[in-house]
Amino acid sequence: MTVEPVDPLYADAPNAENEAVEENTRHDSLDEDNQLKGEFVRRVRAALDAGEVDAVYALVEPLHPADVADLFEQVDADERPALADAISDLMGGEVFAELNDHVREALVDELSAGDIADIAEEMETDDAVALLEDLEPEEQQAVLAEMEPEERAAIESALAYPEETAGRLMSRDYIAVGEHMSVGELIHYLRDNKDLATEFWEVFIVDARHHPVGTCQLSWILRTDRHVTLSNVMKRDQTLIPVGMDQEEVALRFQKYALISAAVVDESGRLVGQITVDDVVHIIQEEASEDILRLSGAGDGDINEPILMTVRTRLSWLVVNLGTAIIASSVVGLFQGAIARFALLAVLMPIVSGMGGNAGTQTLAVVVRAIATNELTSSNTIRMVLRELRIAIANGLSLGLMIGTGTMLLFGNPHLGAVIGAAMVINNLVAGLAGILVPVTLDRLRIDPAVSSAVFVTTATDVMGFFSFLGLAVLTGLA
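Cut-offs used in this document
- Residues numbered from 1 in each chain as written.
- Predicted model: local features only at pLDDT ≥ 70, side-chain atom pairs only at ≥ 80, totals over all residues.
- Heavy atoms only, no water.
- Helix = DSSP H or I, 4+ residues; strand = E, 2+ residues; numbered from the N terminus.
- Rg over C-alpha atoms; globule rule 2.2 N^0.38 Å.
- Buried < 20%, exposed > 50% of the residue type's maximum accessible area, 1.4 Å probe, protein only.
- Contact = heavy atoms within 4.5 Å.
- Areas by Shrake-Rupley, 256 points an atom, 1.4 Å probe, with all protein chains shown as cover.
- Lys, Arg positive; Asp, Glu negative; His and termini not counted.
- Charge placed at Lys NZ, Arg CZ, Asp CG, Glu CD.
- Salt bridge = Lys/Arg side-chain N within 4 Å of Asp/Glu carboxyl O.
- Pairing = 2+ DSSP bridges.
- Axes fitted to C-alpha atoms, helices over the stretch in contact; angles between N-to-C directions.
- UniProt positions renumbered as here; feature names shortened; annotations may be inferred.
- Patch = residues over 30% accessible without salt bridge, like charges linked within 9 Å, V, L, I, M, F, W, Y side chains within 5 Å.
- Arc of directions from axis to C-beta.

Undergrad: Now, about the overall build of the protein chain: what can you tell me, with residues and values included?
TA: Scanning the protein chain from terminus to terminus reveals 22 helices and six strands. Taking 479 residues into account, the globule formula puts the C-alpha radius of gyration at 23 Å, and the protein chain, at 30 Å, lies well above it. Expressed as lengths along the three principal axes of its C-alpha atoms, the size of the protein chain is roughly 105 × 65 × 45 Å. The 479 residues of the protein chain split such that 41% are buried. Long-range pairs, those at least 24 residues apart, make up 65% of the contacts in the protein chain between residues at least 6 apart in sequence. Split by element, the accessible area of the protein chain, about 26,200 Å² in all, is 55% carbon and sulfur. Positive and negative charge centroids in the protein chain, built from 30 and 78 side chains respectively, lie 12 Å apart.

Now the structure itself:
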């Protein structure tokens, strides 16, 4: 029997038969939305309960690392250590990189410094930093001491940068060459140097000071004659990311310029790393979720977060809201006599404040998003204010006409209908103004508008809703 030689280029290619088996297993474990099936998770848990380690391993082994990470979130917290032990040799850097932060922290607490170091060395630099940054300083040092000097130096350098900056996010695994190299020389360089990054989309071209002067996409390199120098084919216009840039701004740059990767430069302009779009996708999701949750005061909103931490976060904002509710109720207290004389005021006044609050929340959500995505700037703030005012007036008049007419027909009192209709217009106008002016003002003061705006806006609409309705009722002699 003759054996065909295997081309080294395809030595690591998956066996077709094994690939088919894994594909069938994936179909058994994932539903049409590519989520783990409930039945599959129950089978894993049953095998864990029965102590059938081999069965657990056989079920989990074909899964993608991201699906293995999802499995840890699906099982109970007290089952996770046993699951990790059953599939210990599958628990590499790719799985830890995909784990939920709280789940990962709990698993890392069970590992020795040497085990953590081994996992970190399998990861990209940015993922390894995410693994180590939440450890206590003494634990960090113990793990770093177990790592190879080169890996340790890269992670220590990243940890020196502030959290949520490009310096923390970037990877040190990039390829940079001089601009006088030819395409053919570059191809030989990439093939002959086994220690270079294995996954990249473009090659950075640098000058003698290691400053980036251009980029070459892999598609250009493959389609260009070998004798052509890189300086003649490279793209000189590029988006450079300062190492101290906030990760949210990094994500906006990628979105605005449709980037696949971008060079990160230090204060002197030297190339120190790259950021790739797969990292930015996580940042976009993280920042969007963070802003939404902050508007509601729900903290991280992570279902894997410890209960006490969640209670502490939510309770702090609920206490603040309790204070604002007392302020609003004190306004009602000013009109106790009027309410006593005309009880219908007590029935109808929550409608005015509630509708104002909803209108303010709508405007607030739009404005906070516009600020976060840099759509709202100093040059168009006035236009945005006027736009929201027009919307508020239109909505107020429409709602005022509906509630005023309905009140008049239901209670047979045109005077009461006119008062509640006018109050609705006034409160919607206040809601529109507060919804845009509060977040814009906080942003100008360098305060995150997603965190603090909702309290001020709801307070304004509650207070003005009660005050306008009850005040008009007294001024017009209704009560």
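There is more to say, and it comes next.
Undergrad: Explain the pattern of salt bridges to me, and be specific about the residues and the numbers.
TA: According to the stated counting rule, one finds 10 salt bridges in the structure shown. Close ionic contact of R45 with E79 constitutes a salt bridge, the shortest N to O distance being 3.0 Å. One end of the pair, R45, is in helix α2 (residues 38–49); the other, E79, is in the loop between α4 (65–74) and α5 (80–86), with 34 residues separating them in the sequence. Judged by relative accessible area, E79 falls into the buried class, the value being 11%. Linking R387 and E388 is a salt bridge whose minimum nitrogen-to-oxygen distance equals 3.0 Å. Judged by its relative accessible area of 41%, R387 is partly exposed. Several salt bridges converge on common partners, so that one network encompasses R45, D76 and E79.

Undergrad: Explain the sheet that holds strand β4 (residues 240–242) to me, using residue names and the numbers behind them.
TA: Across the sheet, three strands lie side by side as β4-β5-β6; this open sheet has mixed pairing. Strand pairing shows two members of the sheet lacking a second neighbour, β4 and β6 (271–276), which therefore form its edges. Averaged over all pairs of adjacent strands, the angle between strand axes in this sheet comes to 35°, irrespective of strand direction. With three bridges joining them, β4 and strand β5 (residues 261–265) adopt parallel strand pairing. Within β5, the residue paired with L240 across the bridge is A263.

Undergrad: Summarise the sheet that holds strand β2 (residues 202–206); cite the residues concerned and give the values.
TA: Reading across the sheet, the three strands line up as β1-β2-β3 and stay open at both edges, with mixed pairing between neighbours. On the outer flanks of this sheet lie β1 (176–178) and β3 (212–217), each paired with one strand and no other. Going from strand to strand, the sheet's axes swing by 35° on average, the running direction of each strand aside. Bridge count for β1 against β2 is three bridges, and the pairing is parallel.

Undergrad: Residues and numbers for the UniProt feature "transmembrane region" (unreviewed entry) in the protein chain, please.
TA: According to UniProt, the positions carrying the feature "transmembrane region" (unreviewed entry) are residues 315–336, 342–368, 389–412, 418–442 and 454–478. Taken end to end, residues 454–478 comprises 88% helix and 0% strand; its first and last C-alpha atoms sit 33 Å apart.

Undergrad: Requested: an account of a nonpolar patch on the surface, with residues and values cited.
TA: Among the surface-exposed residues, I307, V311, L315, L318 and V319 lie close enough to one another that they form a single nonpolar patch of about 500 Å² accessible area. Topologically, L318 is positioned in helix α17 (residues 307–333).

Undergrad: Which residues make up the environment of D76, and what values do they have?
TA: Locating D76 in the fold gives a position in the loop between α4 and α5. Taking the C-alpha atoms as reference points, D76 and L135, separated by 59 residues in sequence, lie 23 Å from one another.

Undergrad: If you had to explain helix α8 (residues 113–122) to someone new, which residues and values would you point to?
TA: Among all positions in α8, only I116, A117, I119 and A120 are buried. Take α8 and look down its axis: the buried residues cluster within an arc of 165°, on one side only. As for α8, its buried residues are in contact with α6 (93–98), α7 (101–108), α9 (125–132) and α10 (137–145).

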